[in-house]
Amino acid sequence: MDIVTFMDQYWRVAGNPGFNASVDRIRDGLQKAGLQPRVEEFALRGRGWDYQVGTVAFADTDEVLLSRERDRVSLCINSFSTPDGGVDAPLIDVGAGRAADFEGKDVKGAVVLGAASVGQLWQQAVKARGAAGVISTSIAPYIRPDDPSRFTSQDQHDVFQWGSVPYDQEARAFGFKASLRAASKMRERLKSGPVRVKVNVRSSFYDGPNRMVVAEIPGSITPDERIVMVAHIQEPGANDDGSGCGTLYALAIALQQAIASKALPPPGRTLTFIWGDENRGSRAWLTAHAEQAKRVQYMFSLDMTGEDVAKTGGAFLIEKQADPSAVWPRPSDPHSEWGGSDVKASELKGSLLNDVHLAICRRRARDTGWIVKTNPYEGGSDHTEFKRDGIPSLLNWHFTDRYYHTNLDRPDKTSAAEMVNVGVAVATSGWFLASADERDALASVDLIAGAASARLALEQTQSATPDILDAWRKWYGEALDSVRRLPATGPSAAVDAAVARARARPGG
Ligand SMILES: [Zn+2]
């Protein structure tokens, strides 16, 4: 929670002071705990951004509608500063904000309010028609419905999702995101005639470098083989992803201290912990450490690990390494509200990762009442970059979070207990995959063989086609084979024989 509350002070954008302060805070804490973190630098794509002032007020009454003090993230990333003294401009409502909604409206130099995404409004109002800036109310339907009579909580009047506009040195314009309450105030005033608003923006741009923290606990047997765990620093949220950073930080320190005090043997393979700019940091690490990357065995992404499920709505999810449920929709494996991505059957390569991590999470759940669910691969966070390089990887997250990417994703929505559950499970899986011996591998053969039988039985009950059954058989055949590479001490005749026996079983 210390990391969550520290990072919550800032809207972290790679290259900006809050991002860098978070990098430094994580590095210093790891250092103090006896790890030897290093900060790696790489070229920043685009520019860093932050702001000091972002206020929209009625020009006549000075009543503040949006501000940094109250709304924290209502100004869009890449907004430029207004001239000294601010901008005094007409407010024009374009409703839904489609091209047709602009007909007959003069928006040049105006501030344009609409329900379209801030990017669409920007294109139509700023780029095509010379508006001074835009205010968008667009919001994902799983955050709140459009119709206030269907709201289930008061804060749905005040919630909005932060956004960004294109970096545009010529337009030098601004974008805002607004809650329904703020937008309603503006629309209410517009009913009785023209309205002017005063907009004041003071923002700053930064030119990098991009930075990430890398810490390792070296393997005692095969240090060139790695288990990698990644959390992302950028974004303003407490849960997204202050909580992933805090969870990874706490689990890395717990492992380090347990090993230093000899409560736990050192891992057989190296454990690598990375905190960086989502996807870009992972790609930079995979590129800068190409030789090490070839021997990464498994990867865990930690993104939104701390949600207080009672307040935010969604359960803990393991987003599985892409398996047949990512290709063929299965009734037993629903997608999250985030939605699936296009995965081809030819991309699938079975591994033990999903079932081993799920078993470890369920073991934790048995003791604590923790709710553990899974979803098929959807992608979007750091695991996507490792997947691209053929490394078995999965995501630890929570969804649907009804504060996702909003002004209200603050530390009061974060649960320390939930982070402990995720941290214990990921640390256990990471250490197990790094350190498994022959006995662990034999147990894993049974685990994977059991999961294979359960999956095939389940698919019989949900009318799987022969294609789907074949895909699962192939997947689990490969998953069983992957157990042969599990012992950190190297191949074992007993494990090879157990895998061969399991594969020869009818239906196996
Ligand atoms: Zn995230």
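Residues numbered from 1 in each chain as written. Predicted model: local features only at pLDDT ≥ 70, side-chain atom pairs only at ≥ 80, totals over all residues. Heavy atoms only, no water.

J.: Just to check I follow, could you spell out the overall build of the protein for this structure?
T.: Within the protein, the secondary structure is distributed over 16 helices and 15 strands. Whereas a compact globule of 508 residues would reach a radius of gyration of roughly 23 Å, the protein reaches 25 Å, a difference of no more than 12%. Here the C-alpha coordinates of the protein stretch approximately 80 × 55 × 40 Å along the principal axes. For the protein, restricting intrachain contacts to residue pairs at least 6 apart in sequence, the fraction spanning at least 24 positions comes to 78%. When the accessible surface of the protein is split by element, carbon and sulfur atoms take 51% of a total near 20,700 Å². The positive charge centre, built from 59 side chains, and the negative charge centre, built from 64, are 1 Å apart in the protein. (Helix = DSSP H or I, 4+ residues; strand = E, 2+ residues; numbered from the N terminus. Rg over C-alpha atoms; globule rule 2.2 N^0.38 Å. Contact = heavy atoms within 4.5 Å. Areas by Shrake-Rupley, 256 points an atom, 1.4 Å probe, with all protein chains shown as cover. Lys, Arg positive; Asp, Glu negative; His and termini not counted. Charge placed at Lys NZ, Arg CZ, Asp CG, Glu CD.)

J.: Where do I start with the coordination of the zinc ion in this structure?
T.: Metal coordination angles in their ideal form are 109.5 degrees for the four-donor tetrahedron and 90 or 180 degrees for the six-donor octahedron. Summarising the metal site, the zinc ion is bound by the protein donors His-232 (NE2), Asp-240 (OD), Asp-303 (OD) and Asp-303 (OD), whose distances to it range over 2.0 to 2.6 Å. Given four donor atoms and angles of 53 to 139° at the metal, the environment of the zinc ion is assigned as irregular. If you list the donors of the zinc ion from N- to C-terminus, the spacing comes out as H-x7-D-x62-D. Within this pair, whereas His-232 is found in strand β10 (residues 222-232), its partner Asp-303 is found in the loop between β12 (296-302) and α9 (309-312), the two being separated by 71 residues in sequence. Here the two residues His-232 and Asp-303 agree in accessibility, since each one is buried. (Donors = N, O, S within 2.8 Å, 3.2 Å for Na, K, Ca; no water. Tetrahedral: all angles 85-135°; square planar, octahedral: opposite > 155°, others 65-115°. Buried < 20%, exposed > 50% of the residue type's maximum accessible area, 1.4 Å probe, protein only.)

J.: What is the right way to look at unusual backbone geometry in this model?
T.: Leaving glycine out, the prevailing phi sign among residues is negative, and the prevailing peptide bond configuration is trans. For the bond from Gly-208 to Pro-209, the omega torsion is 10°, close enough to zero to count as cis. Secondary-structure assignment places Pro-209 in the loop between β8 (196-206) and β9 (210-217). The linkage connecting Phe-399 with the following residue, Thr-400, adopts the cis geometry, with an omega of -10°. Take Thr-400: it is sitting in strand β15 (residues 393-401). Even without glycine at this site, Glu-235 takes up a positive phi of about 95°. With respect to the element layout, Glu-235 can be found in the loop between β10 and α6 (242-260). Here the phi dihedral of Ser-463 falls at roughly 40°; this positive angle occurs in a residue that is not glycine. Residue class for Ser-463 comes out exposed when judged on its relative accessible area of 65%.

J.: Explanation requested: the nonpolar core in the structure shown.
T.: The nonpolar side chains of a soluble globular protein tend to be buried, and buried together. Ranked by size, the top nonpolar core spans 72 residues in total, and within it Ile-26, Leu-30, Met-229, Phe-273, Trp-275 and Leu-433 carry the most contacts. Dropping the residues within four chain positions of it, Ile-26 is found in contact with Ile-3, Met-7, Val-213, Ile-233, Cys-245, Tyr-249 and Trp-275. With 32 residues, the next largest nonpolar core counts Phe-80, Ala-89, Ile-135 and Val-199 among its residues. (Core = buried A, V, L, I, M, F, W, Y, C linked by side-chain atoms within 4.5 Å.)

J.: Could you clarify how one ought to interpret the sheet that holds β8 in this entry?
T.: Each strand in a sheet pairs with another by means of backbone hydrogen bonds, the pair being arranged parallel or else antiparallel. The strand order β3-β2-β8-β4-β5-β6-β7 describes an open sheet built from seven strands, whose pairing is mixed. Each end of this open sheet is capped by a strand with a single partner; those strands are β3 (64-66) and β7 (174-177). Neighbour to neighbour, the strand axes of the sheet diverge by 30° on average, direction disregarded. Note that strand β6 (residues 133-136) and β7 share four bridges and pair parallel. Its bridge partner being in β7, Ile-135 is matched across the sheet by Phe-176. (Pairing = 2+ DSSP bridges. Axes fitted to C-alpha atoms, helices over the stretch in contact; angles between N-to-C directions.)

J.: Whenever I open this one, the pairing of β15 confuses me. Can you help?
T.: Burial analysis of β15 places nine of its nine residues in the buried class, the great majority of the element. Bridge count for β12 against β15 is four bridges, and the pairing is parallel. The residue bridging Ser-301 from the neighbouring strand is Leu-395, located in β15. Two strands pair when backbone bridges link them, and strand β13 (residues 313-319) and β15 are joined in this way by six bridges, in the antiparallel orientation. Across the sheet, residue Ile-318 finds its bridge partner in β15, namely Asn-396.

J.: Would you explain the packing of aromatic side chains in this entry?
T.: To describe a pair of aromatic rings, one takes the distance between the centres and the angle between the planes. This model, assessed by the stated rule, comprises 18 aromatic pairs. Here Trp-49 and Tyr-51 contribute two aromatic rings whose centre-to-centre distance is 5.5 Å and whose plane-to-plane angle is 20°, an arrangement assigned as stacked. Accessibility classification places Trp-49 together with Tyr-51 in one group, the buried group. Pairwise contacts between aromatic rings join Tyr-142, Trp-338, Trp-397, Phe-399 and Tyr-404 into one cluster. The ring of Tyr-51 is capped by Arg-68, whose NZ or CZ atom sits 5.3 Å from the centre of that ring. Just above the ring of Phe-58 sits the side chain of Arg-189; from NZ or CZ to the centre is 4.4 Å. (Phe/Tyr/Trp six-rings, centres within 6.5 Å; stacked < 30°, edge-to-face > 60°. Lys NZ or Arg CZ within 6 Å of the ring centre and 35° of its normal.)

J.: What is the right way to read the state of the cysteines from this model?
T.: Working definition: the covalent bond between the sulfur atoms of two cysteines is a disulfide. This structure, assessed with the given rule, holds zero disulfides. The closest cysteine sulfur to the non-disulfide-bonded Cys-245 is located on Cys-361, 19 Å from its own sulfur. The exposure class of Cys-245 is buried, given its relative accessible area of 0%. Taking relative accessible area as the criterion, Cys-361 reaches 0% and is therefore assigned buried. (Disulfide = S-S within 2.5 Å.)

J.: Help me understand the packing of helix α11 (residues 353-368) against helix α13 (residues 416-435), please; the structure alone is not making it clear to me.
T.: A pair of packed helices can be characterised by two numbers: the angle between their axes and the separation between those axes. Close contact between α11 and α13 brings their axes to 9 Å; oriented N to C, the two are set at 135°. The orientation of α11 with respect to α13, classified from their angle, is oblique. By crossing handedness, the relation of α11 to α13 is classed as right-handed. From α11, Leu-353, Val-356, His-357, Ile-360, Cys-361, Arg-364 and Thr-368 reach across to α13, where they touch Val-420, Asn-421, Val-424, Ala-425, Val-426, Thr-428, Ser-429, Phe-432 and Leu-433. (Parallel < 35°, antiparallel > 145°, perpendicular 65-115°, else oblique. Left-handed = near helix turned anticlockwise from the far one by under 90°.)

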